[in-house]
Amino acid sequence: MITISDGTIVLELNPDLFWSDEDKWNPIQQAVQRTLTGALDVQIGTLTKGRPITLEPEDDSSAWMRSSIVAQLRNWAAEPAKQLTLTLRNQTRTVLFRHQDGGFEARPVVHYRDRVDEDFYLCVIRLMEI
């Protein structure tokens, strides 16, 4: 089960969403440059915050979400620096939307002229752990 909450409202997200960038994270960062004397200056550090968490459907036939869930996610994404609690695989993380990467996007599975609560959407939720 995947849930996301602002402390008041808890949304249960489609469990078929997958964490697409889970294995791309590397907390070790390194900067390398030459000094004027030709020596090598290497700086290495460990990142403690900012791990990306992108939740998205595997394909267009999975992880559909109802319009009401999409509306709440859109409302949260519209609030600057909105901290949320994400529970994924029985681990709880404090997250923010990654607005620099698009934050949140949704598109209807089937486009209808008039939207109703029963409509389904495909969503990409871009978060970062803080």
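The structure reproduced in this document is the subject of the present report. Being a predicted model, the structure only gives us computed values, none of them experimental.

1. Concerning the overall build of the protein chain
Step number 1: Scanning the protein chain from terminus to terminus reveals one helix and eleven strands.
Step number 2: Across the protein chain, helices and strands are ordered from the amino to the carboxyl terminus as β-β-β-β-β-β-β-α-β-β-β-β.
Step number 3: Taken over the C-alpha trace, the protein chain has a radius of gyration of 18 Å; the compact-globule value for 130 residues is 14 Å, which it surpasses by more than 25%.
Step number 4: Considering only C-alpha atoms, the protein chain reaches an extent of 70 × 30 × 25 Å along its principal axes.
Step number 5: Element-wise, carbon and sulfur atoms account for 47% of the exposed surface of the protein chain, whose accessible area totals about 8,400 Å².
Step number 6: Taken together, the 14 basic and 19 acidic charged side chains of the protein chain have centroids lying 4 Å from each other.

2. Things to note about the environment of I4
Step number 1: Within the fold, I4 resides in strand β1 (residues 2-5).
Step number 2: For I4, a relative accessible area of 0% corresponds to the buried category.
Step number 3: Along the sequence, I4 and R51 sit 47 residues apart, while their C-alpha atoms lie 17 Å from each other.
Step number 4: The contact partners of I4, leaving out residues within four places of it in the chain, are I9, V10, L11, L13, L73, W76, L84, T85, L86 and L127.

3. Concerning unusual backbone geometry
Step number 1: Non-glycine residue R89 carries a positive phi angle of around 55 degrees.
Step number 2: Within the element layout of this structure, R89 appears in the loop between β8 (84-88) and β9 (91-97).
Step number 3: Even without being glycine, N90 reaches a positive phi, approximately 65 degrees.
Step number 4: The residue N90 is located in the loop between β8 and β9 in this model.
Step number 5: Here N90 falls in the exposed class, since its relative accessible area comes to 78%.

4. Overview of the nonpolar core
Step number 1: The biggest cluster of nonpolar side chains holds 25 residues, and the ones touching the most others in it are I4, L13, L55, L73, L86 and I125.
Step number 2: When residues of this core are traced back to their parent elements, those giving at least two are β1, β2 (10-13), β6 (52-56), α1 (67-77), β8, β9 and β11 (120-129).
Step number 3: The element that contributes the greatest number of residues to this core is α1, accounting for five residues.
Step number 4: Beyond its immediate sequence surroundings of up to four residues, L13 is in contact with I2, I4, L55, M65, I69, L73 and I125.

5. Examining the environment of A63
Step number 1: Take A63: it is sitting in the loop between β6 and β7 (65-66).
Step number 2: We classify A63 as buried; its relative accessible area is 3%.
Step number 3: It is 4.8 Å that separates the C-alpha atoms of A63 and D16, two residues lying 47 residues apart in sequence.
Step number 4: Here A63 is in contact with N14, D16, L17, P57 and Y121, once residues within four sequence places are set aside.

6. Here's the deal with the pattern of salt bridges
Step number 1: Under the criterion given, the structure shown has eight salt bridges.
Step number 2: Notably, a salt bridge pairs D101 with R98, separated by 2.9 Å at the nearest N-O pair.
Step number 3: Its relative accessible area of 7% is what places R98 among the buried residues.
Step number 4: The residue E105 makes a salt bridge to R126 at a minimum N-O spacing of 3.0 Å. Here R126 lies in strand β11 and E105 lies in strand β10 (residues 104-108), a separation of 21 residues in the sequence.

Thresholds applied
Residues numbered from 1 in each chain as written. Predicted model: local features only at pLDDT ≥ 70, side-chain atom pairs only at ≥ 80, totals over all residues. Heavy atoms only, no water. Helix = DSSP H or I, 4+ residues; strand = E, 2+ residues; numbered from the N terminus. Rg over C-alpha atoms; globule rule 2.2 N^0.38 Å. Areas by Shrake-Rupley, 256 points an atom, 1.4 Å probe, with all protein chains shown as cover. Lys, Arg positive; Asp, Glu negative; His and termini not counted. Charge placed at Lys NZ, Arg CZ, Asp CG, Glu CD. Buried < 20%, exposed > 50% of the residue type's maximum accessible area, 1.4 Å probe, protein only. Contact = heavy atoms within 4.5 Å. Core = buried A, V, L, I, M, F, W, Y, C linked by side-chain atoms within 4.5 Å. Salt bridge = Lys/Arg side-chain N within 4 Å of Asp/Glu carboxyl O.

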